[in-house]
There are 2 protein chains.
Amino acid sequence: MRVRLEDVARATGVSPKTVSRVLNEESSVKESTRQKVLAAMESMNYRPSPAARGLAGSRSFLVAMLYDNNDNPASTYLAEVQDGVLDACDAHRYSMMACPLRMRGQDFIRRVDALVFDHHIEGVIMTPPLTDYAPLLQRLKEHGVPHSSISPVHREASIGVCMDEQQAAKALVMQLVELGHRRIAHIVGIANHGASRWRMAGYKDALAAAGLPFDPHYVVQGEFSFGSGVLAARELFALPELPTAIFAANDDMAAGVMWAANERGLKVPRDLSVCGFDDTPLATQLWPPLTTVRQPSREMGKLAALQLMEVLRGRGPGLLVQVPYTLQLRESTARVP
Amino acid sequence: MRVRLEDVARATGVSPKTVSRVLNEESSVKESTRQKVLAAMESMNYRPSPAARGLAGSRSFLVAMLYDNNDNPASTYLAEVQDGVLDACDAHRYSMMACPLRMRGQDFIRRVDALVFDHHIEGVIMTPPLTDYAPLLQRLKEHGVPHSSISPVHREASIGVCMDEQQAAKALVMQLVELGHRRIAHIVGIANHGASRWRMAGYKDALAAAGLPFDPHYVVQGEFSFGSGVLAARELFALPELPTAIFAANDDMAAGVMWAANERGLKVPRDLSVCGFDDTPLATQLWPPLTTVRQPSREMGKLAALQLMEVLRGRGPGLLVQVPYTLQLRESTARVP
DNA sequence: GACAGAAATGACAGCGCTGTCAATTCGCGA
DNA sequence: TCGCGAATTGACAGCGCTGTCATTTCTGTC
């Protein structure tokens, strides 16, 4: 029926345990034996049973991708990250379970416990804002589950992947300055997201570098959603002196700004320059196409998963790797008339 | 350490096998016994080990969601479907593996075999165009794996979920007719997708019902992507008599049409009415907001998964359930001047 | 009240693999 | 050549559950 480890052992003339050792890449196997076993596995088309490995050993070859399910602000982002994670899993013969978590209530405890106890998941990959949700981190720590974070706020203690968002935001706003803009507004994202902080910090950095004053009136609170971008823009349009450029902390809000500009009869980029952050597909689907910062979500998912697996395979402590950003200068920004 | 089935048995005073029977909802257990066992499970917080169940029995409590990974046209759609599937899995204590498949090459065979042999998945949920990919269906059949389809082309032989897209498209185009439009163009989706056929058929139905002639010049081939929408619209704008309304087979292409309209200096909806299909988040983020048909993707994912589980639990042959559509009339369509 | 047949329950082996620990073989200096 | 620690390998039990088949306990009938 099924080719078992024992069959491979018999074919090779060694004990099942030795085959098991080869399978698990344990070091104490003579190279010649290893080759023989590998050859037999290959020719017999042997495929280990995850269920049996899970039952007998402690390993399950399962990782979980945890993400916030409360609102659905950027499902494109999640989809891309997930694709990247799956890529990495594929390469290392891991499987991934997608696990949406509701942050309010105790749901996440139940879910995490289920993952750990029922499925013996070996590790976790998280996206913001879960990356910095203390109760969750706490629970993972209690269970001793390694985790890899994508764009976590606390960079010191984390493994995973991040981008220098502050530097990217600064570069983006500097572009606006170079185009002659002096009244540059910023729409902030959800308060406790790292992304909000860094992008805001970059905005301030750029103002400072350009010798422009920081005016709190030009900073409006948003919450990463299209609708909040509309509202924030309306607020800015009510100011006595309109900004000539608006930097929204993500593309969705930037789209909202452009929507509100249309509503108000302002022509982008003639009357107003707009830029966002993330370079979601939306960015090139707006008219005019949106100037933004490309964040390689898929790549980041993959790298985060790879870092996790390094840890799981005991190949090192795991790193927080940094990926480069790219400015995407498009038609939604222009020189001040 | 861990509460095992044996522990529950001891606490209840029955044999492990009986507890197992309760766990698997087998019928030959006296009701009073069943209650006792269930109570014990509850109070001891017993959680069966999927690995052990998978090893011993034939069941794995795993289903796979298969989707096409070639291009990434509508990741929002996939993300919503996946959320729905996860919902259903949660309710029935199943786990889901996300499994992107490349249709070209033999990749899908390797992947499917891996799912079946390695993970013993019990069933599969598929999205278009996989739902009608003969080699895949063939392979699933060979393995005897039940599958549930979302919007499959061949409705007779399938279980899963669908929507009356033809009727929906017809209703949408009828709306345009009622607004006074006579020259209504259509941008078709990728050729072999059921969605393309049905939406086209609904378009024709509406023309016929309104007594309007079908003019092939007003039908342009697209491929569901934003870019293809732009190209198709440019083609239409090159016609001697411009259409007064364009029905694109999905929202992304409709967004492309609006983009091209901007490019061409046409004002939507004053000079041109535009409508799409799917009601993705994009629809409300465009200016003006897009008239479209709401397709409840998340609900559809959930229902497809539920149908699959009905089959897996032997509760019936499985149905192809139909979900209702909703017209979303927004500002991208207006009365002909 | 005895008995056939159905309903409910239990004993036991084993799913395919790995952990533990013991046994064997190897390499090398004395 | 002998002896010893290190490098390899193997024997065996058991992970937590379910399939098979035997056994016990109910039913209802005459």
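The structure displayed is predicted, hence computed values, not measured ones.

A.B. asks: I would appreciate a short explanation of the protein's contact with DNA strand D in the present structure.
C.D. replies: Neighbouring DNA strand D are 24 residues; Arg21 and Thr33 of chain A together with Leu5, Ser20 and Tyr46 of chain B lie closest to it. Between DNA strand D and Lys30 of chain A there is a distance of 3.0 Å, counted from a phosphate oxygen to a backbone nitrogen or oxygen. Between a base oxygen of DNA strand D and a main-chain N or O atom of Ala56 of chain A, the distance comes to 3.2 Å. Those elements that place two or more of their residues in the surface near DNA strand D are helix 2 (16-23) and helix 4 (50-56) of chain A together with helix 2 (16-23) and helix 4 (50-56) of chain B. In terms of residues, the surface near DNA strand D owes the most to one element, helix 4 of chain B, which gives four residues. Each residue belonging to the surface near DNA strand D can be placed in one class, and the counts come to ten nonpolar, eight polar and six charged.

A.B. asks: How should the UniProt feature "domain: HTH lacI-type" (unreviewed entry) in chain A be read in this particular structure?
C.D. replies: Mapped onto the present numbering, the UniProt feature "domain: HTH lacI-type" (unreviewed entry) falls at residues 3-57 of chain A. When the span residues 3-57 of chain A is considered, its composition is 67% helix and 0% strand, and the gap between its end C-alpha atoms is 19 Å.

A.B. asks: When you look at the pairing of strand 11 (residues 320-323) of chain A in this model, what are you seeing that I'm missing?
C.D. replies: Residue and element names in this part refer to chain A. Of the two faces of strand 11, the one lined by Val321 and Val323 is fully buried and the one lined by Leu320 and Gln322 carries no buried residue. Looking at chain direction, strand 5 (residues 160-163) and strand 11 are connected through four bridges and run parallel. Directly across from Cys162, in strand 11, lies its bridge partner Gln322.

A.B. asks: Would you mind going over the pattern of salt bridges with me for this structure?
C.D. replies: Side-chain pairs of opposite charge can arise where the charged atoms are in close proximity. Inspection of the entire model under this criterion finds 40 salt bridges over all chains. The partner of Arg298 of chain B in a salt bridge is Asp83 of chain B, with the nearest N and O atoms 3.5 Å apart. Here Arg298 of chain B is found in helix 13 (residues 297-312), whereas its partner Asp83 of chain B is found in helix 5 (residues 75-91), with 215 residues between them in sequence. Using a relative accessible area of 32% as the deciding quantity, one classes Arg298 of chain B as partly exposed. Looking at Asp83 of chain B, the relative accessible area reads 7%, which means it is buried. We note a salt bridge from Glu165 of chain B to Arg199 of chain B, for which the minimum N-O separation is 2.8 Å. Of this pair, Glu165 of chain B sits in helix 8 (residues 165-178) while Arg199 of chain B sits in helix 9 (residues 194-210), and the two are 34 residues apart along the sequence. Via salt bridges that share partners, Arg4, Glu6, Asp7 and Arg10 of chain A belong to a single interconnected network.

A.B. asks: Help me understand the interface of chain A and chain B, please; the structure alone is not making it clear to me.
C.D. replies: Size of an interface, as often reported, equals the accessible area lost when the parts are brought together. Taken together, the 43 residues of chain A in the interface contact 43 residues of chain B. Between chain A and chain B, a total of about 3,700 Å² is buried, with carbon and sulfur atoms accounting for 52% of that surface. By the criterion of area lost to chain B, the three top residues of chain A are Asp118, Gln285 and Trp287 of chain A, representing 18% of everything that side buries. Seen at the junction of chain A and chain B, the total is four salt bridges. When the shortest N-O distance is used, the salt bridge between Arg111 of chain A and Asp90 of chain B registers 3.3 Å. Between the two partners, chain A and chain B, sit eleven residue pairs in polar contact (both at pLDDT 80 or more).

A.B. asks: Can you help me understand the packing of helix 1 (residues 5-12) of chain A against helix 2 of chain A in this one?
C.D. replies: How two helices pack is summed up by the angle between their axes together with the distance between the axes. All names here are of chain A. Between helix 1 and helix 2, the least distance of the axes is 8 Å, while the angle of their chain directions is 110 degrees. Considering their axes alone, helix 1 and helix 2 lie roughly perpendicular with respect to each other. Along the contact surface, helix 1 presents Leu5, Val8 and Ala9, while helix 2 presents Pro16, Val19, Ser20 and Leu23. A breakdown of the residues in the contact of helix 1 with helix 2 according to their chemical character gives six nonpolar, one polar and no charged.

So, how was this worked out
- Residues numbered from 1 in each chain as written.
- Chains lettered and ligands numbered in written order.
- Predicted model: local features only at pLDDT ≥ 70, side-chain atom pairs only at ≥ 80, totals over all residues.
- Heavy atoms only, no water.
- Near = heavy atom within 4 Å.
- Polar contact = N/O pair within 3.5 Å; in protein donor to acceptor, adjacent residues only side chain to side chain.
- Helix = DSSP H or I, 4+ residues; strand = E, 2+ residues; numbered from the N terminus.
- Nonpolar A, V, L, I, M, F, W, Y, C, P; charged D, E, K, R; others polar.
- UniProt positions renumbered as here; feature names shortened; annotations may be inferred.
- Buried < 20%, exposed > 50% of the residue type's maximum accessible area, 1.4 Å probe, protein only.
- Pairing = 2+ DSSP bridges.
- Salt bridge = Lys/Arg side-chain N within 4 Å of Asp/Glu carboxyl O.
- Contact = heavy atoms within 4.5 Å.
- Buried area = accessible area lost by both parts, 1.4 Å probe.
- Axes fitted to C-alpha atoms, helices over the stretch in contact; angles between N-to-C directions.
- Parallel < 35°, antiparallel > 145°, perpendicular 65-115°, else oblique.

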